[in-house]
Amino acid sequence: MPFDPSDLPGARRDPVPPNDPVEQLVVLLARIPGLGRRSARRAALKMLQEPQRLMLPLSRALDAAAEAVGPCRVCGNLDATDPCHVCRDPRRERGLVCVVEGVSDLWALERGGAHRGLYHVLGGTLSALGGVGPEDLSIAPLVERVASGEVQEVILALPATVEGATTGHYLADRLRPLEVPVTRLAQGVPMGGALDVLDDGTLAAALRARRPA
Ligand SMILES: [Zn+2]
């Protein structure tokens, strides 16, 4: 695939032109992660060529999702119900809470079916350089959740990055007084690796072989 500079993070964001529906579509599609302008233009063309099969069903699905989907007040997952379907599932081990950086990690763990407990989405990782402090993440609600007494183990499934490790240490310190075991994923998550790019088997193995944080 040829290089497209608008795929780069921080690439210039084009304004949406007011009176050109085709260009509006391209500009908006190009803002979706992974879609640069070139891919956006191809996607727009395909939809315009097949409005009944592609464009109108997509438009309805977007409307429906925008209307119905929002964050779960318990775990931070995105779902059409609140609490989300994971939090409401009576077969889940409610004492086992897996802490993830983002919803994409939660979805990756769910895809493989490796985790039978609940989740807590932090909404990022601590970053001194990026100016992300504990109050910017869903840390106080996690501490509150653990302090409520229902949680028996906290599994830290954070990315294998400096920020992920820093966040893990910070959380282990914050949770220590509550005397609930805090574990982390075993090695097997490659350094720098995000969870949602791992295959399901690797993720399941890392979860099974977790150890004290
Ligand atoms: Zn939930």
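Residues numbered from 1 in each chain as written. Predicted model: local features only at pLDDT ≥ 70, side-chain atom pairs only at ≥ 80, totals over all residues. Heavy atoms only, no water.

**Q** Looking at this model, I keep getting lost on the packing of helix α6 (residues 140-147) against helix α7 (residues 162-175). Mind explaining?
**A** Two measures define how a pair of helices packs: the angle their axes make with one another and the distance between the axes. Contact geometry for α6 and α7: axes closest at 11 Å, N-to-C directions at 40 degrees. Our classification of the angle between α6 and α7 gives oblique. Crossing hand, α6 versus α7: right-handed. Across from A140, L142, V143 and V146 in α6, the residues of α7 making contact are L171, R174 and L175. (Axes fitted to C-alpha atoms, helices over the stretch in contact; angles between N-to-C directions. Helix = DSSP H or I, 4+ residues; strand = E, 2+ residues; numbered from the N terminus. Parallel < 35°, antiparallel > 145°, perpendicular 65-115°, else oblique. Left-handed = near helix turned anticlockwise from the far one by under 90°. Contact = heavy atoms within 4.5 Å.)

**Q** Looking at this model, I keep getting lost on the pattern of salt bridges. Mind explaining?
**A** Two side chains carrying opposite charge are able to pair once their charged atoms lie near each other. By the definition in use, this model includes 10 salt bridges. Between R73 and D82 there is a salt bridge whose closest N-O contact spans 3.4 Å. On the basis of relative accessible area, R73 is assigned to the exposed category, the value being 62%. The exposure class assigned to D82 is partly exposed, which follows from its relative accessible area of 39%. The shortest N-O distance in the salt bridge between D89 and R92 comes to 3.6 Å. Each member of the pair, D89 as well as R92, is classed as buried. (Salt bridge = Lys/Arg side-chain N within 4 Å of Asp/Glu carboxyl O. Buried < 20%, exposed > 50% of the residue type's maximum accessible area, 1.4 Å probe, protein only.)

**Q** Just checking my understanding: could you explain unusual backbone geometry for this structure?
**A** The general pattern is negative phi for most residues beyond glycine and trans for most peptide bonds. A cis amide bond, omega 0 degrees, links D82 with the succeeding residue P83. Summarising the element assignment, P83 is placed in the loop between β2 (78-79) and α4 (85-88). The phi dihedral of E179 falls on the positive side, at around 55 degrees, and the residue is not glycine. By secondary structure assignment, the location of E179 is in the loop between α7 and β6 (182-184).

**Q** Even after reading the chapter, I still don't get the coordination of the zinc ion, so can you show me in this structure?
**A** In an ideal octahedron of six donors the angles at the metal are 90 or 180 degrees, and in an ideal tetrahedron of four donors they are 109.5 degrees. Distances from the zinc ion to its protein donors, C72 (SG), C75 (SG), C84 (SG) and C87 (SG), fall at 2.3 Å. With four donor atoms in place around the zinc ion and angles of 104 to 116 degrees between them, the coordination shape is tetrahedral. Spacing between the donor residues of the zinc ion along the chain follows C-x2-C-x8-C-x2-C. Of this pair, C72 sits in the loop between β1 (70-71) and β2 while C84 sits in the loop between β2 and α4, placing them 12 residues apart in sequence. Residue classification places C72 among the buried residues on the basis of a relative accessible area of 5%. (Donors = N, O, S within 2.8 Å, 3.2 Å for Na, K, Ca; no water. Tetrahedral: all angles 85-135°; square planar, octahedral: opposite > 155°, others 65-115°.)

**Q** Looking at this model, I keep getting lost on the domain arrangement of the protein chain. Mind explaining?
**A** One frequent convention defines the size of an interface as the accessible area lost when the parts assemble. Its domain assignment divides the protein chain into domain 1 (5-68) and domain 2 (78-212). The distance between the C-alpha centroids of domain 1 and domain 2 comes to 32 Å. (Domains from an automatic or database assignment.)

**Q** It is not clear to me how the UniProt feature "zinc finger region: C4-type" (unreviewed entry) in the protein chain should be interpreted in this structure. Could you clarify?
**A** In this structure's numbering, the residues bearing the UniProt feature "zinc finger region: C4-type" (unreviewed entry) are residues 72-87. Taken end to end, residues 72-87 is 19% helix and 12% strand, and its first and last C-alpha atoms sit 8 Å apart. (UniProt positions renumbered as here; feature names shortened; annotations may be inferred.)

**Q** Sorry if this is basic, but what is going on with the pairing of strand β3 (residues 93-100) here?
**A** On any regular strand, side chains alternate: one points to one face of the sheet, the next to the other face. Within β3, six of the eight residues are buried, leaving the element largely enclosed by the surrounding structure. With five bridges connecting them, β3 and strand β4 (residues 117-121) associate as parallel partners. Residue pairing for β4: V97 is matched across the bridge by L118. With helix α5 (residues 103-112) bridging β3 and the parallel β4, this β-α-β connection has right-handed handedness. Relative to strand β5 (residues 153-157), β3 is paired through five bridges, and the arrangement is parallel. Bridge pairing in β5 places V99 opposite L156. (Pairing = 2+ DSSP bridges. Right-handed = clockwise from strand over helix to strand, strands pointing away.)

**Q** Would you take a moment to explain the sheet that holds β3 for this structure?
**A** Either a parallel or an antiparallel arrangement is found when strands of a sheet pair, and the pairing is made through backbone hydrogen bonds. One open sheet accounts for five strands, arranged β4-β3-β5-β6-β7; its pairing is mixed. The strands lining the two open edges of the sheet, one partner per strand, are β4 and β7 (211-212). Where β5 and β6 come together, three bridges link them in parallel fashion. Bridge pairing in β6 places V154 opposite V182. Here α6 sits on the sheet and contacts β3, β4 and β5; the angle it forms with β4, its principal contact strand, is near 150 degrees. On top of the sheet, α7 reaches β3, β5 and β6; it is set at about 170 degrees to β5, its chief contact.

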